[in-house]
Amino acid sequence: MAEQVAAMCEQLIKAVNVMMDAETSQIYRLEALKFCEEFKETSSFCVPCGLQLADKAQPAVVRHFGLQILEHVIKFRWNNMQQQEKVQLKECSMQLLTNGTRSILEEESHIKDALSRIVVEMIKREWPQNWPDMLTEMEALTSQGEAQTELVMLILLRLAEDVVTFQTLPTQRRRDIQQTLTQKMENIFSFMMAILHINIEDYRKHKEIPGHELQGKLDERKPFMLLFDDVAIHYILSAAQAVEVVERRYTFLKRLCQVLCALGGQLCSLVGSDVEVEVPANLSKYMEAILAFTTHPSQFLKSTTLPTWGALFRHETLSKDAVVVEMTTKYLRASMTNLVKAGFPSRDDNPSCEYSRVDFDSDEDFNSFFNSFRAQQGAVLRSACRIVPLEAFQIAAEWLQYQIASPVDAGDVTSKTAEGLCSLLSPSVVQWDAMTVFADCVFLQMLKSLEEEKLPIDQSMELLQAVLNYDTKDPLILSCVLTNVSALFPFAIHRPHLIPQVLYKLFNAITFEVNQENKVPWTRAVKNVRRHASFSIIKICRDYPQFVLPCFDMFYNHVKKLFSSEVLLTHLEKCTLMEALVLISNQFKDFAKQKAFIDELMASVVADWTSDEMRRALLDPVTFLFFVGADQVVTESQSTDTDTVGLNRGRLCFCLYAMLAVVKRARWPADLEEAKAGGFVVGYSPAGAPIYRNPCTSQFHVLLPNLLTLIRTHNSLFIPENMSRLSETFSRAHDMMDAEKNVVLGLSQPSLDIYVSPVYRSILERMQGFFTSLYDNCFQILGNAGLSLQQEFYTIERLAEGIAGSAFVSLDHVPDHRLRPMIHILICLCFLVLSCPQEYYDSLLCPLLGPLFAYMMQVRNLCSSLFSGEDEEEVVCQENQVTQEILEEQLVRLLTREVLDLLIVSCISRKVPEPAANKEEIDGKKEDMMMDSVQTASPAQPTEELTELGKCLMKHETIYMSLLTLSFSLLSWKDTANCHRSASIVCWTLLRPVVGGNLLPEAVLWFYTSVLRGLQVHGQHEICNSTLSQLAMLIYENLRPRYTELRTVMTQIPNISVNALDQYDNRLIDPKAQKVGEKKRRDQFKKLIAGTVGKALCQQFRKEVHIRNLPSLYKNPKPDKDLVQSGEAFGLAALFSPERDAL
């Protein structure tokens, strides 16, 4: 036998070398691979060959293959091995751990990993029942040397990962192992602390501790507090303060930081809970260690500490501790550095750069990370500000004053468009940017945290005055200045004399240009300044209109002056100023006065929009294309926005922006008495609710006909004959813009230099933007009209016919990849549904929702092949073809989610269940908290009900069938989000009202098989499996007694037990049959339909690993005697026992 093993080992070594040789041809490599795989599957020499190949005298690649053979034997042959063979393999494996590896620094990491996997696979099958001394043996191994100690740590890490994190075991085995680990946790951590103490000097040089986390009930986490030992915290602090950039040491620091943060999480869980845990005496040392990582040059390490800081600052008990309060101020100071965007991998201007080259592949990758990191810092800053608001304000004020006093430093990376202007990476810009984020968080939170009399009003006004007086021509810095103006404005309401100065500062920024004489396109930074100023005015007028009202005349006169001057304002900027005026006018609280103002403001818009020229242009697609210039061949040199067609496009945009501004913002007073006094109330509904009138209603009535005409004409542009009328220049005018594609595909934004060069848009891009904004604004106007006008909107004569005759025209001609118009319609209809009074459901919403849902069923049928992939052809695709296919699929997915949102808003009323009692209190003796969180419980009987609109839609058979068909069809679309939402919220809620009626057997079968198809597609996802199984059980139990056809479907499920099905059916049909609890019934049903559950693609061709359950160690003992039969008094009966007579 020894000769046979040696010969086989020789062949295996040759095969492994052939596979791993880069010069080997593909044919020979496949033959070698086939030989090795057949050996693992069929040979009886696997164990002796594996052990011989794993000998440390062999090359690393051969040793690794030998260990793979042993792992394969344990995974797939263990259940068929004799007990003696198992013991022999276990002893050989322990021998490999003892002397089968090289020294800790010489041994390859993949050999260590493979060896630890072998032991873990045996532990998963035999511990603790058949290998009770495993932990003792592991502890004994650590005395053999450093290499063995590391292997033991790797074994414990991988065991914890498999049991807790990845959960790759059957439920009972996982429960046994996890509960045993929990019981032994104190011993495990004492063992780890002993290793730390014994090897502390070597640990400081090169030891790596793998971080692993066990979760459990609060009282089971107390052993974690051992790690707050002074010695452990001291050395963690020492390691955190080291700054050398060695990748292996840096990896160790990351693990150490994770351990430290995990300790903080346990501390926050235990302190203040029912478990009696005091605040550690050395909390200050722990906080210093966390702060050391927070001030480390590595941006990644800084970001790792943020959740811990947030948890400490939000903790009810710890946030009041003197140590935490003192450390909060230090954290605020550290944040001043952490908010500065520095550390780009391509640069060397900061200590963080060297670490960033390890963590990030490019500057764009770093930029994306830092934006997320800064947002997290903002949340933690706001929590810190709640603890020390005045100290935070003082820090922010000092930093703001310092920036105002400092000269601008453009650095070595300046703007390409003007001499001396900064770029995003200029020192002044990164400092202003960081300070602005800090100040914005602090000022906003302080207003929420402090009472009005405690606010530092005088100091705030000094800051605001300094910011208003600060003058800069750099757009990037000016944008930061404007943010500080907005952040400080809430303090200005206590000093009204400063409000006009704030408005003038914003007015000047709206017209900001770097160089008035040189008419080059604006940079993105300039555009952002103007947009920033516009929306700052909107925000001020929206949030503080009563304080801006005294400045209304000044505001209005300045706007008139801007409109009549030669100052170049975009149409959006003009309409933003109009929007702000309308917001202020709401404070007139006088219907006649506000209506007169809106009539004056909109006079030119109404005249242009209702002119004969405009009406003719909007009426016909051919005329419209000519009017906007989309049928003309134009070159870049010929095109300007001041030519006739450019002016026409501008007129259309301005009219729509102005309509949207007025319709969106015009409101009646919120107070009923003020509304009645101002003439806004015109009557009362039968239910007694007041009926209001909006001052912009008359304007909207005049503008609506041409608005609907434009929507109808725009839809008609997709008819083939009108598509052919587009000129060669604008043949792709209806394609999605690149920015929209990036949003749909989830692609990152452009690189960092977008702010320093002019933004040029081609004539095609401008036309695409025109069509997109035109159509979007049309539906935004309709949607906001429903919210603003309410009763006056829904009583418009023939409104439903008008919307349906425009919005739903020619939808069949919209290309599949261009389904965005439907999303715009959904935006409109969502607004309508949310604000429509009940009495207008039949006259308005049913005529609109019916055709929409019917159309979506057509879209579903057209796109079913896209989701199922049935008609795929094996062709070589270019990259742009692949991107287009992904784009189309994602568009359909997004569209379907929007439709499902609309369906839920329209038809489903969700009842929030009462919060459950604390799980640890109820079920603490049965299972630990981690097990409870992992095993997703099936939902109970759904609590959703139909809304009044849903009941109204049910009366229309065609609409009702469209809703049912659409919701059940979504179950098998390749979109888990849609499947889960439809199964858990929609399907049963829609079907339940007709369960007791006379449904056609074909319909019942289709509903049920749709759910089973959903299980086949999505059943591998636990959350979808749970909701689909619950839905299938509800349908089967409610309809099976009357529809025997359902049993026929069940018998076709693979591997179903007919006997179990008979028993289940008997309990449903026979009223005398013994009933069982819901949980047991649910488990039985899941076993019946288990054959329908599909596998994920990655699992379909994978050999299954079977781990047998061992006798359970933790079963709750059942009482041996029947209390009733025993005759013993218990419960209420005990109160009336003879022994109680004395009472």
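The model shown is predicted, which means the values in this text are computed figures rather than measured ones.

Conventions and cut-offs
- Residues numbered from 1 in each chain as written.
- Predicted model: local features only at pLDDT ≥ 70, side-chain atom pairs only at ≥ 80, totals over all residues.
- Heavy atoms only, no water.
- Helix = DSSP H or I, 4+ residues; strand = E, 2+ residues; numbered from the N terminus.
- Contact = heavy atoms within 4.5 Å.
- Areas by Shrake-Rupley, 256 points an atom, 1.4 Å probe, with all protein chains shown as cover.
- Phe/Tyr/Trp six-rings, centres within 6.5 Å; stacked < 30°, edge-to-face > 60°.
- Lys NZ or Arg CZ within 6 Å of the ring centre and 35° of its normal.
- Expected span 1.5 Å × (residues − 1).
- Buried < 20%, exposed > 50% of the residue type's maximum accessible area, 1.4 Å probe, protein only.
- Arc of directions from axis to C-beta.
- Salt bridge = Lys/Arg side-chain N within 4 Å of Asp/Glu carboxyl O.
- Pairing = 2+ DSSP bridges.
- Axes fitted to C-alpha atoms, helices over the stretch in contact; angles between N-to-C directions.
- Parallel < 35°, antiparallel > 145°, perpendicular 65-115°, else oblique.
- Left-handed = near helix turned anticlockwise from the far one by under 90°.
- Nonpolar A, V, L, I, M, F, W, Y, C, P; charged D, E, K, R; others polar.

Quick word on the overall build of the protein
Phase 1: Summing up its helical and strand segments, the protein has 54 helices and four strands in all.
Phase 2: Sequence separation of at least 24 residues holds for 77% of the intrachain contacts in the protein that already meet a minimum separation of 6.
Phase 3: Carbon and sulfur atoms make up 52% of the accessible area of the protein, which amounts to about 54,400 Å² in all.

Section: the packing of aromatic side chains
Any pair of aromatic rings gets described here by the distance separating the centres and the angle formed by the planes.
Phase 1: This structure, assessed with the given rule, holds 39 aromatic pairs.
Phase 2: When the centroid spacing of 5.2 Å and the interplanar angle of 80° are considered together, the rings of Y556 and F597 count as edge-to-face. Placement of Y556 in helix α26 (residues 552–564) and of F597 in helix α28 (residues 591–601) is noted, with a sequence separation of 41 residues between them.
Phase 3: Aromatic ring contacts, followed pair by pair, group F344, F360, F366, F369, F370 and F373 into a single cluster.
Phase 4: Over the ring of F563 we find K574; its NZ or CZ atom is 5.9 Å from the centre of that ring.
Phase 5: The aromatic ring of F588 is capped on one face by K593, whose charged end is 4.4 Å from the ring centroid.

Regarding helix α51 (residues 1058–1069)
Phase 1: A rise of 1.5 Å per residue sets the reference length of α51, with its 12 residues, at 16 Å; its end C-alpha atoms lie 16 Å apart and thus fit the reference within 8%.
Phase 2: L1061, Y1064 and D1065 are the residues of α51 that are buried. Down the axis of α51, the smallest arc covering the buried residues is 95°, so these residues share one side.
Phase 3: Elements in contact with the buried residues of α51: α49 (1022–1039), α50 (1045–1051) and α52 (1078–1088).

What about the side chain of T436?
Phase 1: Secondary-structure assignment places T436 in helix α20 (residues 427–449).
Phase 2: T436 gets classed as buried once you look at its relative accessible area, which sits at 7%.
Phase 3: Once you skip the residues sitting within four places of it in the chain, T436 turns out to touch C480, T483 and N484.

Looking at the pattern of salt bridges
Phase 1: Evaluation of the coordinates by the stated rule reveals 43 salt bridges.
Phase 2: R117 serves as the salt-bridge partner of E71, at 3.0 Å between the closest nitrogen and oxygen. Taken together, the positions of E71 in helix α4 (residues 60–77) and R117 in helix α6 (residues 109–126) put the pair 46 residues apart, joining distant regions of the chain. The two residues E71 and R117 agree in class, both being buried.
Phase 3: Salt-bridge contacts for K330 lead to E288; the nearest nitrogen and oxygen are separated by 3.2 Å. One end of the pair, K330, is in helix α16 (residues 322–338); the other, E288, is in helix α14 (residues 283–294), with 42 residues separating them in the sequence.
Phase 4: Among the charged side chains, a salt-bridge network with shared partners connects E71, K75, D113, R117 and R158.

Comments concerning the pairing of strand β1 (residues 681–684)
Phase 1: Looking at chain direction, β1 and strand β2 (residues 690–692) are connected through three bridges and run antiparallel. The partner of V681 across the bridge, within β2, is Y692.
Phase 2: Connecting β1 to the antiparallel partner β2 that follows it, the hairpin turn spans five residues, and G688 within it adopts a positive phi of roughly 95°.

A short note on the environment of V18
Phase 1: Relative to the helices and strands, V18 is located in helix α1 (residues 2–20).
Phase 2: Using a relative accessible area of 29% as the deciding quantity, one classes V18 as partly exposed.
Phase 3: Spatially, the C-alpha atom of V18 lies 9.5 Å from that of L30, the residues being 12 residues apart in sequence.
Phase 4: Look past the residues within four positions of V18 in its chain and what remains in contact with it is T24, Y28, R29 and A32.

Describing the packing of helix α21 (residues 457–469) against helix α23 (residues 499–510)
Phase 1: Where α21 contacts α23, the two axes come as close as 10 Å, and the packing angle between them is 30°. When the axis of α21 is compared with that of α23, the two are roughly parallel. Judged by the twist between their axes, the crossing of α21 over α23 is left-handed. Of the residues in α23, those in contact with L464, Q465, V467 and L468 of α21 are Q501, V502 and K505.
Phase 2: Looking at the contact of α21 with α23 residue by residue, the class counts come to four nonpolar, two polar and one charged.

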